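Results of the structural survey
One letter stands for each residue in the lines below.
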Amino acid sequence: MRNYLHVDLTTGLIEEKIIDPALARDFIGGSGLTARLLYDLIDQNTDPLGPDNPLLFMTGPLVGTSMPSAGRCTISALSPLTGFWGESNTGGFIGPELRFAGYDGMLITGRSEKPCWISVINGEVKLHDANKLWGQDTYQTQETIRKILAEPKARIACIGAAGEQLVKMAAVINDHGRAAGRTGMGAVMGSKNLKAIAFRGSGKAPLNDPEAFKETVTAILESLKEDISVQAMRMAGTAGYVDMALMFGDMPTRYYQQGEWEEGSNLSGVLMAEKHLTRNTACYRCPIVCGRETQTVKYKVDAVDGPEYETIASFGSLLMIDDLESVIYAGHLCNIHGLDTISTGSTIALACELFDKGILTKEQTGGLDIKYGDVEMAHRLIELTAHREGFGDLLAEGSAALAARFDVPEMSATVRNLEIPMHDSRAFSGMAPIYALSPRGACHMQGDIYLVDTGQGPPGELGIHPGDRFDNSEDKGRTAARVQAWRSIYNALTVCQFMNPGASQLLAGLNAATGWDYSLEELMKAGKRIFTLKRMLNIKLGSTQADDRLPDFMLTSLKDGGSLGFVPELEPLLAGAYKEHGWDPDTGIPKQETLAEFGLEFTTKQ
Ligand code: SF4
């Protein structure tokens, strides 16, 4: 990782910044590096939607190389949705194209007076007027910019109506419908009056030892051929998990209130493949090809990106909608308007729950009857949210704000103000400490122990082994913390978490690409360093141990379904995780010796 581009939209300054090689080695890239850079740039006085909130795009040292599934890009800033550390990463081709255009990352500061967009083409950076683009949806925006540039292969990251309207759960969309969905990075872009960034380049990602790298890549490709979960992902995409999730009680139903739901099988990946799939799609150099393109005759859309499992559960089981075509269309609406499907679906489901309980009434919704299972209403609420119209203006603030508005904060399925993704920690106890400690708020991409426990996750050589999914011991908490450290590496490499060839192989690839001499132990230490840095950044932003929690209703057992009668016990699980991370068991604050070991003493100096 050598450099990043800095564009200040207030002054028009454009400059190249060199990354300190020692910093690159310690924080690797992706969200490791953005956390380190942002640590010095934001504090409790930073307005997430003000010009002083820096927005960072960052790739990783394997991005744009021949390493399979290593084409992602992280976007980070102070989150307008949560008020804490924000990060989201996206697949497609945008990460590699950014590197080919001459930069490993990009920092955007300030605020443009008028709507603008930026092009970065082979090192040449230009600011453009976006007046005519403002109001276009994300697909139109990508097409229009390609035409303006006469670059049919330019890769474009952009916002839709939601980002323009500063909807707190707005996503950044690229490569048709790929999304950096979580924590409201689209709203940060909108607050800067920045509609889009286009990348195109003919450069190459550097390799320190091309021969050794090629050997490792060949071995990894061979191992992926044998990997049964890769084959399953190729056949059914992430939607293939629906049936398994229903069996385990992992797919949240009726806003986490119900365990069993027979109609859920109408949302299965196999049905999607039979009735709606038009083709499989892949991100840059990915042999797994988990992406789906679907069509819906009912809603007259020929090419819908997805839906992924998370979208299917968010607009399906969570809302008691079992019509797959309607769910596909809900995902499509989110893509074109640039909304995070998880946060949007979950916030609408909370509105259903509040309405069901009589806490929310027709007078407060502007005459809308908000009920579970009402497909048309779900679609309408997506539109209202994206444009901040009527009751949508309140939904646009997210679940935590909605619940707080009606004085029932305990009813919001959020951790650190981020909507919980579509894995119920009552089905996999290890997800409880993962959610409670995840630095960006509840997140399955900061630790996927549900996959470990079903034999599909990171490899055993890291001390991460499949275990009892109902284990409430400290040991389980320790394993969860190791998974968090390992996935922090992935989020720093910006490598796809569905590519799991074995830690040693990935390490060999990283060392060959960079010339670093990481051991596996050191690499795990880097993962913990990054995770602890994000913890310290959240503490700087006002987070306390009281945020290491789950909503009470998620710690109440369900009366039926695959998790029948089980609840995670947060206390021992968190105790184990704190120990593994080297944090104080009483306060949850990283110990001085931990900060010293990781070279993070600077975090105690402000
Ligand atoms: S597995 Fe899927 S999400 Fe991951 S890189 Fe491949 S196509 Fe993209």
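Residues numbered from 1 in each chain as written. Predicted model: local features only at pLDDT ≥ 70, side-chain atom pairs only at ≥ 80, totals over all residues. Heavy atoms only, no water.

Looking now at helix α12 (residues 324-337). Between its terminal C-alpha atoms α12 stretches 20 Å, which fits the 20 Å expected from 14 residues at 1.5 Å a residue. Counting buried residues along α12, 14 of its 14 residues qualify, which places the element largely inside the surrounding structure. Immediately beyond the C-terminal end of α12, within one or two residues, lies G338, with a positive phi of roughly 75°. (Helix = DSSP H or I, 4+ residues; strand = E, 2+ residues; numbered from the N terminus. Expected span 1.5 Å × (residues − 1). Buried < 20%, exposed > 50% of the residue type's maximum accessible area, 1.4 Å probe, protein only.)

With respect to spatial proximity, the complete set of residues near the ligand consists of S69, R72, R178, A282, C283, C286, I288, C290, C496 and F498. In terms of residue class, the shell around the ligand is built from seven nonpolar, one polar and two charged. Counting contributing residues per domain, the shell around the ligand is built from domain 1 (3-200) and domain 2 (237-407), each supplying no fewer than three. (Near = heavy atom within 4 Å. Nonpolar A, V, L, I, M, F, W, Y, C, P; charged D, E, K, R; others polar. Domains from an automatic or database assignment.)

In this section: the pattern of salt bridges. Side chains carrying opposite charge are able to pair once their charged atoms draw close together. For the structure shown, the criterion picks out 34 salt bridges. Between K579 and E474 there is a salt bridge whose closest N-O contact spans 2.7 Å. Linking K579 in helix α23 (residues 570-581) with E474 in helix α20 (residues 474-493), this pair joins segments that are 105 residues apart in sequence. Overall, the relative accessible area of 33% leaves E474 in the partly exposed class. One salt-bridge network, held together by shared partners, links K168, R388, D393 and E397. (Salt bridge = Lys/Arg side-chain N within 4 Å of Asp/Glu carboxyl O.)

This part is about the side chain of D424. Among the secondary structure elements, D424 is positioned in the loop between β17 (418-419) and α18 (431-437). Here the side chain of D424 touches R426 through a polar contact of 2.8 Å, side chain to side chain. Among residues more than four places away in sequence, those in contact with D424 are G249, D250, Y256, M554 and L558. (Polar contact = N/O pair within 3.5 Å; in protein donor to acceptor, adjacent residues only side chain to side chain. Contact = heavy atoms within 4.5 Å.)

We note that the domain assignment places domain 1 (3-200), domain 2 (237-407) and domain 3 (425-604) within the protein chain. Each of domain 1 and domain 2 has a C-alpha centre, and these two points are 26 Å apart. Carbon and sulfur atoms make up 55% of the surface buried where domain 1 meets domain 2, a total of about 2500 Å² over both sides. Taken together, the connections running from domain 1 to domain 2 amount to two salt bridges. (Buried area = accessible area lost by both parts, 1.4 Å probe.)

Here we come to a negative patch on the surface. Judged by side-chain charge, E260, E262, E263 and D560 come together as a negatively charged surface patch. Within the element layout of this structure, D560 appears in the loop between α22 (520-540) and α23. (Patch = residues over 30% accessible without salt bridge, like charges linked within 9 Å, V, L, I, M, F, W, Y side chains within 5 Å. Areas by Shrake-Rupley, 256 points an atom, 1.4 Å probe, with all protein chains shown as cover. Lys, Arg positive; Asp, Glu negative; His and termini not counted. Charge placed at Lys NZ, Arg CZ, Asp CG, Glu CD.)

Backbone torsion omega between G306 and P307 reads 10°, so that peptide bond is classified as cis. You can see P307 is positioned in the loop between β15 (301-305) and α11 (309-315). A positive phi angle, close to 50°, is found at Y255, a residue other than glycine. One non-glycine residue with positive phi stands out, namely K300, at about 55°. Examined against the element boundaries, K300 turns out to sit in the loop between β14 (291-296) and β15. Residue class for K300 comes out exposed when judged on its relative accessible area of 73%.

The next subject is the packing of α20 against α22. Where α20 contacts α22, the axes come no closer than 8 Å and their chain directions differ by 90°. Between α20 and α22, the angle is such that the two are roughly perpendicular. For the pair α20 and α22, the contacting residues are R482, Q484, A485, W486, S488, I489 and A492 in the first and L523, M524, A526, G527, K528, I530 and F531 in the second. Of the residues that constitute the contact of α20 with α22, the class distribution is nine nonpolar, three polar and two charged. (Axes fitted to C-alpha atoms, helices over the stretch in contact; angles between N-to-C directions. Parallel < 35°, antiparallel > 145°, perpendicular 65-115°, else oblique.)

This next bit is on the packing of α12 against helix α15 (residues 375-387). α15 packs onto α12 with a crossing angle of 5° between their chain directions and a minimal axis gap of 10 Å. When the axes of α12 and α15 are compared, the pair comes out roughly parallel. Between α12 and α15, the residues in contact are S326, Y329, A330, L333, C334 and H337 and V375, H379, I382, E383, A386 and H387, respectively. Its residues assigned to classes, the contact of α12 with α15 comprises seven nonpolar, four polar and one charged.

Scanning all chains against the criterion turns up 16 aromatic pairs. Judged by centre distance (6.3 Å) and plane angle (85°), the rings of F93 and Y284 are edge-to-face. Taken together, the residues span a long stretch of sequence, with F93 in the loop between β5 (85-90) and α3 (94-100) and Y284 in the loop between β13 (277-281) and β14 at a distance of 191 residues. Look at F93 and you get partly exposed, because its relative accessible area is 25%. Exposure remark for Y284: the relative accessible area of 14% places this residue in the buried category. Geometrically, the ring pair formed by Y255 and Y256 is edge-to-face, given 5.6 Å between the ring centres and 75° between the ring planes. Y255 sits in the buried class, given a relative accessible area of 1%. Its relative accessible area of 1% is what places Y256 among the buried residues. Members of the aromatic cluster, each reached through a chain of ring pairs, are Y241, F248, Y309, F428 and Y450. We note R36 situated over the ring of F602; from NZ or CZ to the ring centre the distance is 3.9 Å. (Phe/Tyr/Trp six-rings, centres within 6.5 Å; stacked < 30°, edge-to-face > 60°. Lys NZ or Arg CZ within 6 Å of the ring centre and 35° of its normal.)

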